[in-house]
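Structural overview
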Amino acid sequence: MTPLPPRTRRRSLVSGPVRAARRLGEIRRAQLITTYGVGAMIAVDNESFLVRGIDSWDVSQAPVVVEPRLSDQLHVYEFRLPPAPDPDLAKDGVRAVRFPEWYSCPRCGALQPYRKFNPPAGRAECSNCQEGLVPSRFVMACANGHLEDFPYWQWVHRNNGRTETGSCGGGLTFRSDGSTASLRAVLISCSCGVSASMEGSFRRTALDDLRIRCGGRLPWLKDAPAEHCTEAPRTLQRGSSSVWFPVVHSALSIPPWSEGLAKLAAGLYSKLKDEDDSFVRRYLRVEKILEHHPAYDPEEIVSLIRERRETERSSTEQGPIESGQQDAPRTAIYRDEYDSLRRTHREDPDVGAQDFVCEPPAGSTGPLRESHGLGQIMLVKRLREVRALQSFTRIEEPGLAAMPRHAPIWHQRQTWLPAIEVRGEGVFLRLDTDRLRQWEQLPGPISRARRIRANHDRLLHERAKGSDRPVPSSHADPRYVLLHTLAHVLINEWSLDGGYPAAALRERLYAGDDMAGILIYTATSDSAGSLGGIVAQGEPDRLESSLRSALARAEWCSNDPLCAESEASGADGLNLAACHACVLLPETSCENNNILLDRATLIGSLDGSSPGFF
């Protein structure tokens, strides 16, 4: 990968009249990170568009989001909020391109590229029928992230030996009689006399069998040339979730970076990163930055900015993180967070606005240690999380792929990534280490975790076929499965007892040789995230009650005994006793795609062969 370009001052030069871009629609800033990010398709009325790469965005007025730990790990200079729309102009800083290019007319049935309909300006209509056009329902993608229109002409003419598009001179029509919900009812016809239904087009090898190869197109990146690609293309529905999976990295703002002198220096860094020490000193004096902070030494700020500049330079010279290194930032970031969550950080009126306040509950936690094996409870009364979009994948979910092939979000390498910040609160629970070590060495938990691990390793190796990259091993062990399942049942319970929608809560798992904790926190930036309700769930008396209730619910599922006795359930058999009726959560709440779950780790198996931790 190429290193970051030199940091240069940006200047905006405008000459002549500027034509306002067409206003397509509005989405929230957070959706540009999680739902409609770069490379994702978004429907606007009866049209469909692809969000373009960040090198085409206008971020001149976009606020900078500061999170030094995350920017260092992702090897970028800074983060920026996605541009917000200007109410007075038809522009919002985010560009889009029409995709798919093929449309059909529901009246005359014509199926062809959009431009051939000769639609009036600003309206997607058939010029002959004055009927609103419909974007193609089907697209072609590959696991390397490339995206193209579905090859309708080759599909229809696959049995008559024609391989060159349009060689018969005919035109295509699209019909769906609605007689059935299957693809057999979707008929593509050519005026030359041949026709075919879409039945069979979604088979994994359907396009490859016809010698239809991936063209390596990157339509969301302006002027990006097609890449050489040997990956077999797949047919997908335009609105399928498999078309776009975001690769999002996040970090909590923790001390010392989240308060005091370090926080002040981090906020100034984006303005002063290109200046020498003498300029920084002059800026602090002229702008009276320390007027309200007399205890801070200007030389300490100069030193912090210099250290950050040197650290940043060394990390960015390595280039962006590669596909196989997606866990590297998480490991370092989670380790720091786990250590901070275990320590008390009380609110200090002398510090000013704090991003992290964490303290133990007032009541005694001794009974919970004895009855439920909880080693520590911490109430996180204030937290800030930064979530950055680093890349995206197609077809293969990042959490399930062995070495997910990340698609680029820029054509010209950028020094920043789009990100959002979320403020809220949470509860951190750490399991008793001695009790946990005794339990995870028992034959029953080891055997059940080994079954999940075997399925996970098999999937990782299957998806790595044809690749020369090393295949990581599954991280499914008794400790991880226990912590993951515990977080899920508590989120489900608190959504009932505390009045939170489950999608408003989020898990963060700290599992490792010397880590055994979970953080459950509010995942939205609205009023539901900071009213103290989630912290109240961590008070010992209420926590004991909710934990007992959650475990009681986990003992019985409406799908039992099928759920409890399952040998493999969920996506690709990566769960055991876990289903939508008992354990699974909304996708926004789970950090690992609802896999590696097993109720038996909590309450034991039905046959008694595997004891539960509780």
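Residues numbered from 1 in each chain as written. Predicted model: local features only at pLDDT ≥ 70, side-chain atom pairs only at ≥ 80, totals over all residues. Heavy atoms only, no water.

1. Description of the environment of Y521
Tracing the backbone shows Y521 in strand β20 (residues 515-522). When the C-alpha atoms of Y521 and V427 are compared, they prove to be 6.4 Å apart, with 94 residues separating the residues in sequence. In this structure, Y521 is in contact with L383, E385, R387, E425, G426, A504, L505, R506, E507 and R508, ignoring residues within four places of it in sequence. Only 3.0 Å separates the side chain of Y521 from the side chain of E385, close enough to count as a polar contact. (Helix = DSSP H or I, 4+ residues; strand = E, 2+ residues; numbered from the N terminus. Contact = heavy atoms within 4.5 Å. Polar contact = N/O pair within 3.5 Å; in protein donor to acceptor, adjacent residues only side chain to side chain.)

2. Points about the nonpolar core
In this structure, F79, W220, Y510 and L519 are the most contacted members of the largest nonpolar core, which totals 63 residues. If one sorts the elements of this core by residue count, strand β17 (residues 374-393) sits on top with 7 residues. Judged by nonpolar contacts, the second largest core, of 51 residues, contains L459, L483, A554 and L597. (Core = buried A, V, L, I, M, F, W, Y, C linked by side-chain atoms within 4.5 Å. Buried < 20%, exposed > 50% of the residue type's maximum accessible area, 1.4 Å probe, protein only.)

3. Some remarks on helix α14 (residues 540-554)
End to end, α14 covers 21 Å across 15 residues, agreeing with the expected 21 Å (1.5 Å per residue, within 8%). All buried positions along α14 are accounted for by P540, L543, S546, L547, A550, L551 and A554. One side of α14 holds all its buried residues, which, seen down the axis, span an arc of 135°. Buried residues belonging to α14 abut α9 (366-372), β17, β18 (416-431), α12 (478-497) and α15 (600-603). (Expected span 1.5 Å × (residues − 1). Arc of directions from axis to C-beta.)

4. A short note on the packing of α12 against α14
Packing of α12 against α14 brings their axes to within 9 Å, and their N-to-C directions diverge by 110°. The angle between the axes of α12 and α14 places the two elements in the roughly perpendicular class. Crossing hand, α12 versus α14: right-handed. Across from L486, V489, L490, E493, W494, L496 and D497 in α12, the residues of α14 making contact are R542, L543, S546, L547, S549, A550, R553 and A554. Among the residues forming the contact of α12 with α14, the class breakdown is 9 nonpolar, 2 polar and 4 charged. (Axes fitted to C-alpha atoms, helices over the stretch in contact; angles between N-to-C directions. Parallel < 35°, antiparallel > 145°, perpendicular 65-115°, else oblique. Left-handed = near helix turned anticlockwise from the far one by under 90°. Nonpolar A, V, L, I, M, F, W, Y, C, P; charged D, E, K, R; others polar.)

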